[in-house]
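As a plain string of letters, each chain reads:
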Amino acid sequence: FVGCRHGFTVQGSSEQFRCTDFANFSGVLPRCSANPCTQGIPVGGDLDLDESCGALHTDENCSVSCARGYLGEASMFECAPSGWLDGMRPSCQPAVCGNLTVADASQGVVHNCNSIKSARKCSMGCGMGYELLPGTSMQDWTCMWDEATSSVSLQGTMPKCEPRLCSDNFPSGDRFMHDCEGMVTGGVCTIRCQPGW
């Protein structure tokens, strides 16, 4: 009898082969169909699977690579006769967004957004001497894939900060004259002695 090897299923029945008087085998080969792989399909948000990986049959293969925003080498997976998809899962590490520089930030903005990994968040707010404009709030930024640059970048909305009015250590006394009224963080004013002092 001639059947199908492991990983394949006979369509119909096994076939008989006969050894003829000429020392040749004679017969019709059975129809064998490859079994599907239903186990061992790699999963994870860090992976990017070929569409075919979910519909492989014995001896077929597909490529598994790192998803956008992750770094690592792709691997080939093959559908084994056991019904398992065999292969080495890629080691995918999150890409890191570039650090923001002072020039990237608006006046008075501070952040904890340096060396943020893909899919992680960071916050932006107002630094010492500055405050959020009324009706605005701190902003979360996310390190995520940017189609335009084909890499990860920090994406979000810049908070709106305004300088605070200076009120402490205000020059006082009738011996001084100044132009410090309404001065805000970062401003400079002049204090002089009144005439006669």
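Our structure is the block above this text.
Residues numbered from 1 in each chain as written. Predicted model: local features only at pLDDT ≥ 70, side-chain atom pairs only at ≥ 80, totals over all residues. Heavy atoms only, no water.

**Q** Where do I start with the overall build of the protein chain in this structure?
**A** The number of helices and strands found in the protein chain is zero helices and 18 strands. Computed over the C-alpha atoms, the radius of gyration of the protein chain is 35 Å, more than 25% above the 16 Å expected from 2.2 N^0.38 for a compact globule of 197 residues. Oriented by its inertia axes, the alpha-carbon framework of the protein chain measures out at about 135 × 25 × 25 Å. Residues classed as buried in the protein chain amount to 24% of the 197 residues present. Considering only contacts in the protein chain between residues 6 or more positions apart, those separated by 24 or more positions represent 35%. Here the protein chain displays about 13200 Å² of accessible surface, and carbon together with sulfur accounts for 52% of that area. One way to put it: in the protein chain the 12 positive side-chain charges average out to a point 4 Å from where the 21 negative ones average out. (Helix = DSSP H or I, 4+ residues; strand = E, 2+ residues; numbered from the N terminus. Rg over C-alpha atoms; globule rule 2.2 N^0.38 Å. Buried < 20%, exposed > 50% of the residue type's maximum accessible area, 1.4 Å probe, protein only. Contact = heavy atoms within 4.5 Å. Areas by Shrake-Rupley, 256 points an atom, 1.4 Å probe, with all protein chains shown as cover. Lys, Arg positive; Asp, Glu negative; His and termini not counted. Charge placed at Lys NZ, Arg CZ, Asp CG, Glu CD.)

**Q** Hey, could you run me through the nonpolar core in this one?
**A** The tendency in soluble globular proteins is for nonpolar side chains to be buried side by side. Grouped together as the largest cluster of nonpolar side chains are 14 residues, with contacts concentrated most on Cys 113, Ile 116, Cys 122, Met 124, Trp 141, Cys 143 and Leu 154. Going through the elements one at a time, strand 12 (121-126), strand 14 (139-146) and strand 15 (151-155) are the ones with two or more residues in this core. If we skip the residues at most four places from it in the chain, Trp 141 touches Cys 113, Arg 120, Lys 121, Cys 122, Met 124, Leu 154, Gln 155, Gly 156, Thr 157 and Met 158. Core analysis: the second largest hydrophobic core is formed by eleven residues, Cys 37, Leu 47, Val 64 and Cys 66 among them. (Core = buried A, V, L, I, M, F, W, Y, C linked by side-chain atoms within 4.5 Å.)

**Q** Please explain the sheet that holds strand 5 (residues 47-49) as it appears in this structure.
**A** What holds strands together in a sheet is hydrogen bonding between their backbones, with the strands either parallel or antiparallel. Taken in spatial order, the four strands line up as 5-6-8-9 in an open sheet, and their pairing is antiparallel. The two strands at the open ends of the sheet, each matched to only one other strand, are strand 5 and strand 9 (85-86). When strand 6 (residues 61-66) meets strand 8 (residues 75-79), the two strands line up antiparallel, connected through four bridges. Note on strand 8: the bridge partner recorded for Asn 61 is Glu 78. (Pairing = 2+ DSSP bridges.)

**Q** Teacher, can you tell me more about unusual backbone geometry here?
**A** A negative phi angle characterises most non-glycine residues, just as the trans form characterises most peptide bonds. Positive phi is not limited to glycine here, since Ser 115 has a value of about 55°. Within the secondary structure layout, Ser 115 lies in the loop between strand 11 (109-111) and strand 12. Residue classification places Ser 115 among the partly exposed residues on the basis of a relative accessible area of 49%. Its identity is not glycine, yet Ser 150 carries a phi of approximately 55°, on the positive side.

**Q** When you look at the state of the cysteines in this model, what are you seeing that I'm missing?
**A** A covalent bond bridging the sulfur atoms of two cysteines is what the word disulfide describes. Taken as a whole, this structure holds eight disulfides when the rule is applied. A disulfide bridge connects Cys 37 with Cys 79, and the sulfur atoms are separated by 2.0 Å. For the disulfide bridge between Cys 37 and Cys 79, the dihedral angle about the S-S bond is near 100°, and by the sign convention the bridge is right-handed. Of this pair, Cys 37 sits in the loop between strand 4 (31-34) and strand 5 while Cys 79 sits in strand 8, and the two are 42 residues apart along the sequence. Judged by its relative accessible area of 4%, Cys 37 is buried. Left unpaired, Cys 166 is separated from the closest cysteine sulfur, that of Cys 189, by 7.9 Å. Just so you know, Cys 193 is unpaired, no disulfide at all, and the nearest cysteine sulfur is the one on Cys 180, 13 Å from it. (Disulfide = S-S within 2.5 Å.)

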